[in-house]
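Residue-level structure breakdown
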Amino acid sequence: MVKIREAERKDCPIILQFIKELAEYEKEPDAVEATIEILEESIFEKQQAKVVLLEEDGQSVGFALYFFNFSTWRGKAGLYLEDLFVRPQYRGKGYGNLLFEELLNYRFKTTSDLDGHTVGNLILTALSDIAGNMSDGIEALGKVFNIKGKVLPLTEDYVTLIGNMEDGTVIEGEHNIT
C-alpha cells in the first residue's frame, strides 16, 4: 500500500538519508552539510521548509522538500519545490508523479488572498492569464507537465462549485469543499 504523509520530527534520519542518496545520484556526495540537528531546527523548529514522505508498505521510499517563497514583483506568496526524490529501486511506479500531485493539491493556509487555493489551480490561472484564455492555459499546462491526451474545459464562464451536504448545509467554493 502506498501512502504520502507529512514528515514528523522523528523522520529526520530518513530525510537526511534521502538527501544523501540524492546527492550521491547527483554525483555530489561530499556537498551535503545537513545534519539531523540542522534538519530538526530548520524544518520543525523554525518551520523554514516542509517535507512529505512517500511510503510503500510502511517503508519510506521517497520524499519531497518544499518551502514557501514570496515574489516581490507579484506581491504574492508561492511554493518552491527544492527536492523530489524516489529511491532507484522504486522508480517506474509513478511515485514521483504521486509526490508532485500531492504538492499540486497543496492548499495554502494563510490570511492572504491565496488562502484555500491549490498550487495546481494557481499554476493553471497563471498560464491562462499568460495564454489569454482557459483553453489555451490548459493546453500550456499539458505541455509543461508533458500530459498525454487532451483536457478540455467544460466552460470558460466563471463557475462557483457548490456542495449540498447530507445534513442540508450548503458549502460554496472549491477550497471549502473537502
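A count of helical and extended segments in the protein chain gives five helices and six strands. Sequence-ordered secondary structure for the protein chain, helices as α and strands as β, is β-α-α-β-β-β-α-α-α-β-β. Looking at the 178 residues of the protein chain, the share that counts as buried comes to 30%. Within the protein chain, residue pairs in contact and separated by at least 24 positions form 40% of the contacts whose partners lie at least 6 positions apart. Carbon and sulfur atoms form 51% of the exposed surface of the protein chain, whose accessible area is close to 12,100 Å².

The next thing to look at is the pattern of salt bridges. All chains considered together, the criterion is met by six salt bridges. Note that E56 is salt-bridged to K93, the shortest N-O span being 3.0 Å. Of the two residues, E56 sits in strand 2 (residues 50-56) while K93 sits in the loop between strand 4 (76-86) and helix 3 (95-104), which places them 37 residues apart along the sequence. Judged by relative accessible area, which is 16%, E56 ranks as buried. Residues participating in the shared-partner salt-bridge network are R5, D11 and E55.

Tallied over the full model, the rule gives four aromatic pairs. Note on F18 and F63: the rings are 5.4 Å apart at their centroids and 10° apart in plane angle, and the pair reads as stacked. Residue F18 is found in helix 1 (residues 12-25), and its partner F63 is found in strand 3 (residues 59-71); the two are separated by 45 residues along the sequence. Take F18 and F63: they sit in the same class, and that class is buried. For F18, a relative accessible area of 0% translates into the label buried. Taken together through their ring pairs, the aromatic side chains of F18, F63 and F85 make up a single cluster. Between the NZ or CZ atom of R91 and the centre of the ring of Y25, over which it lies, the distance is 4.8 Å.

Let us now look at the pairing of strand 2. Burial analysis of strand 2 places six of its seven residues in the buried class, the great majority of the element. Relative to strand 2, strand 1 (residues 2-6) runs antiparallel, the two sharing five bridges. Paired with E6 across the bridge in strand 2 is V52. Note: strand 2 against strand 3, seven bridges, orientation antiparallel. The residue bridging E55 from the neighbouring strand is S60, located in strand 3. Taken together, strand 2 and the strand that follows it, strand 3, pair antiparallel across an intervening segment of two residues, in which D57 is found at a positive phi of about 50°.

Moving on to helix 4 (residues 119-131). Taking 1.5 Å of rise per residue, 13 residues should cover 18 Å, and helix 4 covers 18 Å from first to last C-alpha, within 8% of that figure. For helix 4, the complete set of buried residues consists of V119, G120, L124, L127 and S128. Backbone geometry just downstream of helix 4 places G132 in the positive-phi region, at approximately 105°.

About the cut-offs
- Residues numbered from 1 in each chain as written.
- Predicted model: local features only at pLDDT ≥ 70, side-chain atom pairs only at ≥ 80, totals over all residues.
- Heavy atoms only, no water.
- Helix = DSSP H or I, 4+ residues; strand = E, 2+ residues; numbered from the N terminus.
- Buried < 20%, exposed > 50% of the residue type's maximum accessible area, 1.4 Å probe, protein only.
- Contact = heavy atoms within 4.5 Å.
- Areas by Shrake-Rupley, 256 points an atom, 1.4 Å probe, with all protein chains shown as cover.
- Salt bridge = Lys/Arg side-chain N within 4 Å of Asp/Glu carboxyl O.
- Phe/Tyr/Trp six-rings, centres within 6.5 Å; stacked < 30°, edge-to-face > 60°.
- Lys NZ or Arg CZ within 6 Å of the ring centre and 35° of its normal.
- Pairing = 2+ DSSP bridges.
- Expected span 1.5 Å × (residues − 1).

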